[in-house]
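Coordinate analysis (summary)
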Amino acid sequence: MKLRFLAYVCCAGVIGAAPAADPAVDLAFDVLRKDQPMGRHTISVRRDGADIIADIAIDLKIKFAFITVFEYEHRNREVWRDNRLVSIETTTNNDGKRFRIAGRAEAAGFRVTTGDGVERVFASDVLPTSYWHPRTPQATQLLNTQTGELAEVSITPLPAGRADDGGRQYVVSGDLDLNLWYSDGCLRKLNFRAPGDDSLIDYRPAVSANACPAQLLAPASTTVGFAATAQ
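Below you will find a few notes about this structure. Source: prediction; values computed, not measured.

1. Details of the pattern of salt bridges
Per the counting criterion, the structure on display carries 10 salt bridges. A salt bridge links aspartate 55 to arginine 77, with the shortest nitrogen-to-oxygen separation between them at 2.7 Å. Pair noted here: aspartate 55 is in strand S3 (residues 51–64) and arginine 77 is in strand S4 (residues 67–81), with a separation of 22 residues, a long-range link. Residue classification places aspartate 55 among the partly exposed positions, given a relative accessible area of 24%. Owing to a relative accessible area of 40%, arginine 77 belongs among the partly exposed residues under this scheme. Through salt bridges that share partners, Asp35, Asp202 and Arg204 make up one connected network.

2. A few points about the side chain of asparagine 83
Among the secondary structure elements, asparagine 83 is positioned in the loop between S4 and strand S5 (84–94). Asparagine 83 sits in the buried class, given a relative accessible area of 19%. A distance of 2.8 Å separates a polar atom in the side chain of asparagine 83 from a polar atom in the side chain of histidine 133.

3. Re the nonpolar core
Counting residues in hydrophobic clusters, the biggest one holds 50 residues, and the most contacted among them are Ile43, Tyr131, Trp132, Leu176, Leu180, Leu187 and Tyr203. Of the residues forming this core, the biggest block, 6 residues, is contributed by S3. With residues up to four places along the chain from it excluded, the contact list for isoleucine 43 reads Val25, Asp26, Leu27, Phe29, Asp55, Ile56, Ser130, Trp132, Leu187 and Pro213.

4. Remarks on the packing of aromatic side chains
Taken as a whole and assessed by the stated rule, the structure comprises 4 aromatic pairs. Taking 5.8 Å as the distance between ring centres and 80° as the angle between the ring planes, the aromatic pair formed by tyrosine 170 and tyrosine 182 counts as edge-to-face. Linking tyrosine 170 in strand S12 (residues 168–174) with tyrosine 182 in strand S13 (residues 178–183), this pair joins segments that are 12 residues apart in sequence. Look at tyrosine 170 and you get buried, because its relative accessible area is 2%. With 6.4 Å between their ring centres and 50° between their planes, phenylalanine 192 and tyrosine 203 make a pair best called tilted. Here tyrosine 203 lies in strand S15 (residues 200–205) and phenylalanine 192 lies in strand S14 (residues 186–193), a separation of 11 residues in the sequence.

5. Topic: the pairing of strand S11 (residues 150–157)
Successive side chains on a regular strand alternate, one facing one side of the sheet and the next facing the other. Residues of S11 alternate between two faces, with Ala151, Val153, Ile155 and Pro157 buried on one and Leu150, Glu152, Ser154 and Thr156 left unburied on the opposite face. Here strand S10 (residues 141–143) folds back onto S11 in antiparallel fashion, the turn holding 6 residues, of which glycine 148 has a positive phi close to 80°. Taken together, the 5 bridges between S11 and S12 define a ladder with antiparallel strand orientation. Bridge pairing in S12 links serine 154 to serine 173.

6. As for the pairing of S3
Two strands pair when backbone bridges link them, and strand S2 (residues 36–48) and S3 are joined in this way by 10 bridges, in the antiparallel orientation. Bridge pairing in S3 places arginine 46 opposite isoleucine 53. As consecutive antiparallel partners, S2 and S3 are separated by 2 residues, and within that stretch glycine 49 has a phi angle of approximately 65°, a positive value. Direction of pairing for S3 relative to S4: antiparallel, over a ladder of 14 bridges. Bridge pairing in S4 places aspartate 51 opposite arginine 81.

Thresholds applied
- Residue numbers run consecutively from 1 along every chain, following the written order of its sequence.
- Local features in this predicted model are restricted to residues whose pLDDT is 70 or higher, and side-chain atom pairs enter the listing and the counts only when it is 80 or higher, whereas totals over whole chains, interfaces and linings include all residues.
- Excluding hydrogens and water, the side-chain figures rest on all heavy atoms present in the structure.
- Definition used for salt bridges: Asp or Glu carboxyl oxygen within 4 Å of a side-chain nitrogen of Lys or Arg.
- Put simply, DSSP marks the helices as runs of H or I at least four residues long and the strands as runs of E at least two long, and each gets a number from the N terminus on.
- Each residue's exposure class comes from its accessible area (1.4 Å probe, protein chains only) as a fraction of the maximum for that residue type: buried when under 20%, exposed when over 50%, partly exposed otherwise.
- The term polar contact refers here to a pair of N or O atoms within 3.5 Å; inside protein, the definition further demands a hydrogen-donor-capable atom paired with an acceptor-capable atom, and it admits residues adjacent in sequence only when both atoms are side-chain atoms.
- Only buried Ala, Val, Leu, Ile, Met, Phe, Trp, Tyr and Cys residues count toward a nonpolar core, and they belong to the same one when joined by side-chain atoms within 4.5 Å.
- Note on contacts: a residue pair is in contact if any heavy atoms of the two residues lie within 4.5 Å.
- Between 30 and 60 degrees the pair is tilted, below 30 it is stacked and above 60 it is edge-to-face, where a pair is any two Phe, Tyr or Trp rings, Trp via its six-membered ring, whose centres lie within 6.5 Å.
- Between any two strands, pairing holds if DSSP finds at least two bridges.

All we've got here are geometric facts, nothing functional implied.
Structure (structure tokens):
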């Protein structure tokens, strides 16, 4: 049995004085396949001086008769400054197939290098497929944090009347196909169909729904008008 997981899953202060450190804000999702637990996805975001550090961990397994038949591990560290991604480092084990990417902001844009030496330069304001950033619903391109490729996407909000307890639903199509839910700029849940067998992979909040890593960003970034249709 083989499943494939792509990118569905993974301040100014006074001169001479560092900004006060904020505690980490942790968001965790229990991941289910066909309503059966298969692991957890966590997002931990903290402020470090002028930077915002996001650490993402995904650990998934499928077992039959106590035998692991599928395993997925992903680690991602993002550094944000002035509400832009300035660096990213990820490692992925997709059921034995390994990936590694490293990216850094430069004058020419955001340069990404993969584990096999492929280099790509993207727009300086590129957003990654970690989905926690509140500007995600407005994106038309996303950096695949597993492969280092650029995903062309269309992100469409469903009518406000169809919102549920998870917030406003956004349908992602194009190079990625999934559903995202946001409330007040905060990621609340997501789901998608596994490319291998079309099984439903469902992310359900494992901690308080009030956990919102985006609250550590500059205030201007958390007031994005999500009611507008993504461009």
